[in-house]
Amino acid sequence: MPDGGHHFPALVLNADFRPLSYFPLSVWSWQDAVKAVFLDRVSVLSEYDREVHSPSLTIRLPSVIALKDYIATSRRPAFTRFNVFLRDAFACQYCRARAPAPDLTFDHVIPRSRGGRTTWENVVTACGACNLRKGSRLPKECRMFPLSTPCQPTTWALQENGRAFPPNYLHQSWRDYLYWDSELES
Ligand SMILES: [Zn+2]
């Protein structure tokens, strides 16, 4: 059995060989991956050197698997704090400053006190300084306009933004499935 220090996660691709999700990256534990192999739900595209043994057989742990049945991703992403940050690429929509999520805030373009609602179309990512500066004024009152008009993103758009933020762990065998285009450009 694999030791505790290494978890041997498997990158999970959809049936079209794109990651099921970029952000968070779709990854299964080796236990779930092996189970899916036995249930014949996935194809194994790449393996670790590490093997697991059962009384009757030995298999190498999969490092990249692809679903045999295509899963359609939802076209309307959830309206969550995180997805707003992801839509705006973690950048303040007023000064372009980039920051990790804990340092970012939300700004109602039309302030709530002026009737603005909490929707995709009225909420943007803002740094603390810009949020404070704008206060409860309308954009035209303070000459602060969002870099791009906020709107509901497609799931595809969020996935594309998510590609810019790689996870902490990337096995070498995953790269072909994640960075095909960037590899070609470099
Ligand atoms: Zn700012």
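Residues numbered from 1 in each chain as written. Predicted model: local features only at pLDDT ≥ 70, side-chain atom pairs only at ≥ 80, totals over all residues.

Draft legend 1. Local environment of the overall build of the protein chain. Tallying secondary structure elements over the protein chain gives seven helices and six strands in all. Starting at the N terminus and ending at the C terminus, the protein chain contains elements arranged as β-β-α-β-β-α-β-β-α-α-α-α-α. Projecting the C-alpha coordinates of the protein chain onto the three principal axes gives extents of approximately 75 × 35 × 30 Å. Within the span of the protein chain, comprising 186 residues, buried residues form 21% of the whole. Nonlocal contacts in the protein chain, meaning residues at least 24 apart in sequence, comprise 58% of its contacts between residues at least 6 apart. (Helix = DSSP H or I, 4+ residues; strand = E, 2+ residues; numbered from the N terminus. Buried ≥ 20, exposed ≤ 12 C-beta atoms within 10 Å, placed from the backbone. Contact = placed C-beta atoms within 7 Å.)

Draft legend 2. Up close: the nonpolar core. The biggest cluster of nonpolar side chains holds 16 residues, and the ones touching the most others in it are A10, L11, L13, W30, A33, V64 and I65. Every element with two or more residues in this core is listed here: β1 (10–13), α1 (30–38) and β4 (58–67). Not counting residues up to four positions away in its chain, the partners in contact with A33 are A10, W28, P62 and I65. One finds V124, A126, C127 and C130 within the second-largest nonpolar core, a separate group that totals eight residues. (Core = buried A, V, L, I, M, F, W, Y, C linked by C-beta atoms within 7 Å.)

Draft legend 3. Broad picture of the pairing of strand β6 (residues 123–127). Most of β6 sits out of view: five of its five residues are buried. The alternating pattern of β6 places V123, T125 and C127 and V124 and A126 on opposite faces, both of which are buried. In this sheet, β6 lies alongside strand β5 (residues 104–108) in antiparallel orientation, the contact comprising five bridges. Looking across to β6, one finds that H108 is bridged to V123. (Pairing = 2+ DSSP bridges.)

Draft legend 4. Quick look at unusual backbone geometry. The backbone of F8 sits at a positive phi, close to 50 degrees, despite the residue not being glycine. Locating F8 in the fold gives a position in the segment before β1. Given 21 C-beta atoms within a 10 Å radius, F8 is considered buried.

Draft legend 5. Structural context of the domain arrangement of the protein chain. Once the domains are mapped, the protein chain shows domain 1 (10–72 + 164–185) and domain 2 (81–153). Summarising the inter-unit geometry, the C-alpha centres of domain 1 and domain 2 are found 36 Å apart. (Domains from an automatic or database assignment.)

Draft legend 6. Geometry of the sheet that holds β1. A sheet is described by the order of its strands in space; here four strands give the open sequence β2-β1-β4-β3, paired in mixed fashion. Each edge of the open sheet is held by one strand with a lone partner, namely β2 (27–28) and β3 (42–53). Pairing analysis gives three bridges linking β1 to β4, with the strands arranged parallel. Bridge pairing in β4 links V12 to I65.

Draft legend 7. Structural detail: α1. Those residues of α1 not exposed but buried are W30, A33, V34 and A36. All buried residues of α1 lie within an arc of 160 degrees about the axis, which places them on one face of the element. Residues of α1 that are buried in the fold lie against β1, β2, β3 and β4. Following α1 by one or two positions, D40 has its phi on the positive side, about 65 degrees. (Arc of directions from axis to C-beta.)

Draft legend 8. Fine view of the environment of N122. Looking at the secondary structure, you find N122 in the loop between β5 and β6. Taking the C-alpha atoms as reference points, N122 and P9, 113 residues apart in sequence, are found 39 Å from one another.

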